[in-house]
Amino acid sequence: MGEKSRSRGCFGWLIVAVVLALVVVAVVYTVKKKTNKSDEASPVPGPPGAVEKQYADALKIAMQFFDVQKSGKLEDNKISWRGNSALKDGSEAKLDLSKGMYDAGDHMKFGFPMAFTATVLSWAILEYGDQMDAVNQLEPAQDSLKWITDYLINAHAADNVLYIQVGDPKTDHGCWDRPEDMTEKRPLTQVNTSSPGTDVAAETAAAMASASLVFKKSDPTYSSTLLKHAEQLFTFADKHRVSYSESIPEVQTYYNSTGYGDELLWAASWLYHATGDKSYLQYVTGENGKSFANWGSPTWFSWDNKLAGTQVLLSRLTFFGEKDSSNSGLQMYRKTADAVMCGLIPDSPTATTSRTDGGLIWVSEWNALQHPVASAFLATIYSDYMLTSRTAKLSCNGESYKPSDLRKFAKSQADYVLGDNPLKMSFLVGYGDKYPQYVHHRGASIPADATTGCKDGWKWLDSEKPNPNVAVGALVGGPFLNETYDDSRNNSMQGEPSTYNGAVVVGLLSSLVTTSSVVQSFT
């Protein structure tokens, strides 16, 4: 009897031990499975999915700012207070430079930032055209792009001649009038072999090369024309290496270029995508890359500095095509693009401290929103490259981050712009219940039925009443570092919108409208 009891007891303990062992094994297996799963790539997105209404609504508004800024004889005009303007631009050189877009709240046509606007808008269409199309914004984007490229084609009057400015800033800024009523002289400025401008010529080449990809299927003849101009301009820019700020010192006041190396790399990268010509890839990965790419040092993407954009654009090749690890130059672009992304993720060990308390990337008092919006646009592109190529993680000084971390950052910047900020105000004019009412913009500030000349329109600048016309879709300069904003028409530092800001915010919102896989090749 006693022996049977002891044997039953031993048997019972054995069962308990086996059960416990099985539980431990199950727990270890589950933890290990979860750990392994976190290192797995997320599924590749399919066609555009469910639309996020907030971003779709904002995109439809942002896209309209290009219509606000258009010069020339307007077609299918959707902005009630705008009309034909600057119809004689270019006439002194027997050119039609009536199209294009006004730069900001003034009536100048500055070729350097306008070409950047076209390049960024082209890139947005190439990466997110399907998502734009899902909310009926692809055609408006293409139309606005062509309005600029039509102008750029005419501005490239000969192989080595590019008109880079219409209007005199001093004269233009001495007036406060509607573009439809302008009477002041609008002289032309050009770069040529005697007064070269590598930076502006190369940026224009980038604009035309990228746009040639946009129109390759829908209008092959126009696409070929753009590509021909791009190749000619790149040759001119590369052969005559002088900054336009050096050749034409007057441009330094408004759009001073800090160097031309980034534009040469940017243009050559777009030409490689447009042509497949390996010489352009060799151009950016060889000695020119060593001289100009600033490998290993993250920079901010803007109208003046294209390096971060170039690094992301060339990293596309390592995600989807050029797997040749022996191309050390291409790998350096990818590593530097990684570093740019690591700097943007808030909890990364290398995260930039250039942020407001509310989490907005903040680099400059003037036009503060350009850098966070442009950075967020690059972040979503990189995130989608990772997703589509099934790249599971980004390593930042030993810490791993997923594509979703980059997208989360991008959304935080977009949400801040759209009203999730300490002021509870949208910086995108026309979006939400509260947005700037005194935007520094001539056309918006003067009633459409007012008759004003150059000088007698200043009363509208000083008026204490809100703008009579809504500059719909305008992305204003933005908040100060302490997250304050003075909604005053005289406050051009914070309250003046720009066309190139329009391009980066359209790009960002297009990327967030929904999710889909990016194309693996632009051709």
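See the structure shown above.
Residues numbered from 1 in each chain as written. Predicted model: local features only at pLDDT ≥ 70, side-chain atom pairs only at ≥ 80, totals over all residues. Heavy atoms only, no water.

Undergrad: Whenever I open this one, the nonpolar core confuses me. Can you help?
TA: One broad rule of soluble globular proteins: the nonpolar side chains tend to lie buried together. Trp-123, Trp-270 and Met-341 are the most contacted members of the largest nonpolar core, which has 151 residues in total. Ranked by residues supplied to this core, first place goes to helix α4 (residues 111–134) with 13 residues. Sequence-distant contacts of Met-341, defined by excluding residues within four places in its chain, comprise Val-312, Leu-378, Ala-379, Tyr-382, Leu-394 and Leu-406. (Core = buried A, V, L, I, M, F, W, Y, C linked by side-chain atoms within 4.5 Å. Buried < 20%, exposed > 50% of the residue type's maximum accessible area, 1.4 Å probe, protein only. Helix = DSSP H or I, 4+ residues; strand = E, 2+ residues; numbered from the N terminus. Contact = heavy atoms within 4.5 Å.)

Undergrad: I tried to follow the side chain of Gln-69 on my own but got confused; where do I start?
TA: Tracing the sequence through the fold places Gln-69 in helix α3 (residues 65–69). If we skip the residues at most four places from it in the chain, Gln-69 touches Arg-82, Gly-100, Met-101, Tyr-102, Asp-103, Ala-104, His-441 and Thr-499.

Undergrad: Looking at this structure, I do not really get helix α12 (residues 278–285). What am I missing?
TA: One turn of an α-helix holds 3.6 residues; hence residues three or four places apart share an orientation. Residues of α12 that are buried: Tyr-280, Leu-281, Tyr-283, Val-284 and Thr-285. Buried-residue contacts for α12 involve α8 (220–239), α11 (261–275), α13 (287–292), α14 (307–320) and α15 (328–344).

Undergrad: What should I look at first to understand the packing of aromatic side chains in this one?
TA: The description of an aromatic ring pair uses the distance of the two centres, along with the angle that the planes make with each other. Tallying each qualifying case throughout the model produces 26 aromatic pairs. Pairing Tyr-260 with Phe-292 gives two aromatic rings, centres 6.1 Å apart and planes at 65 degrees, and the pair type is edge-to-face. Remark: Phe-292 occurs in helix α13 and Tyr-260 occurs in the loop between α10 (252–255) and α11; sequence separation between them is 32 residues. Centre to centre, the rings of Trp-270 and Phe-522 are 5.9 Å apart; their planes meet at 20 degrees, and the pair counts as stacked. Residue Trp-270 is found in helix α11, and its partner Phe-522 is found in the segment after α21 (499–512); the two are separated by 252 residues along the sequence. A relative accessible area of 10% means that Phe-522 is categorised as buried. An aromatic cluster is defined as three or more aromatic residues linked by ring pairs; in this entry it consists of Phe-110, Phe-112, Tyr-244, Tyr-254, Tyr-255, Trp-303 and Tyr-500. (Phe/Tyr/Trp six-rings, centres within 6.5 Å; stacked < 30°, edge-to-face > 60°.)

Undergrad: Got a minute to help me understand the sheet that holds strand β3 (residues 188–191) in this structure?
TA: Strand pairing in a sheet is mediated by backbone hydrogen bonds. Such pairs are either parallel or antiparallel. Read across the open sheet, the three strands follow the order β1-β2-β3; overall the sheet is antiparallel. Across the chains shown, the open sheet's two edge strands, defined by having one partner strand only, are β1 (109–110) and β3. Note: β1 against strand β2 (residues 162–166), two bridges, orientation antiparallel. Note on β2: the bridge partner recorded for Phe-110 is Gln-165. (Pairing = 2+ DSSP bridges.)

Undergrad: I'm lost on the packing of helix α16 (residues 370–388) against helix α17 (residues 403–417) in this one. Help?
TA: Any two packed helices are characterised by how steeply their axes cross, that is the angle between the axes, and by the distance between the axes. Orientation of α16 relative to α17, taken along the N-to-C sense of each, is 150 degrees, at an axis distance of 8 Å. Between α16 and α17, the crossing angle belongs to the class labelled roughly antiparallel. The two elements α16 and α17 cross, and the hand of that crossing is left-handed. Where α16 abuts α17, its residues Pro-372, Val-373, Ser-375, Ala-376, Ala-379, Thr-380, Tyr-382, Ser-383, Asp-384, Met-386 and Leu-387 lie against Pro-403, Leu-406, Arg-407, Phe-409, Ala-410, Gln-413 and Val-417. (Axes fitted to C-alpha atoms, helices over the stretch in contact; angles between N-to-C directions. Parallel < 35°, antiparallel > 145°, perpendicular 65-115°, else oblique. Left-handed = near helix turned anticlockwise from the far one by under 90°.)

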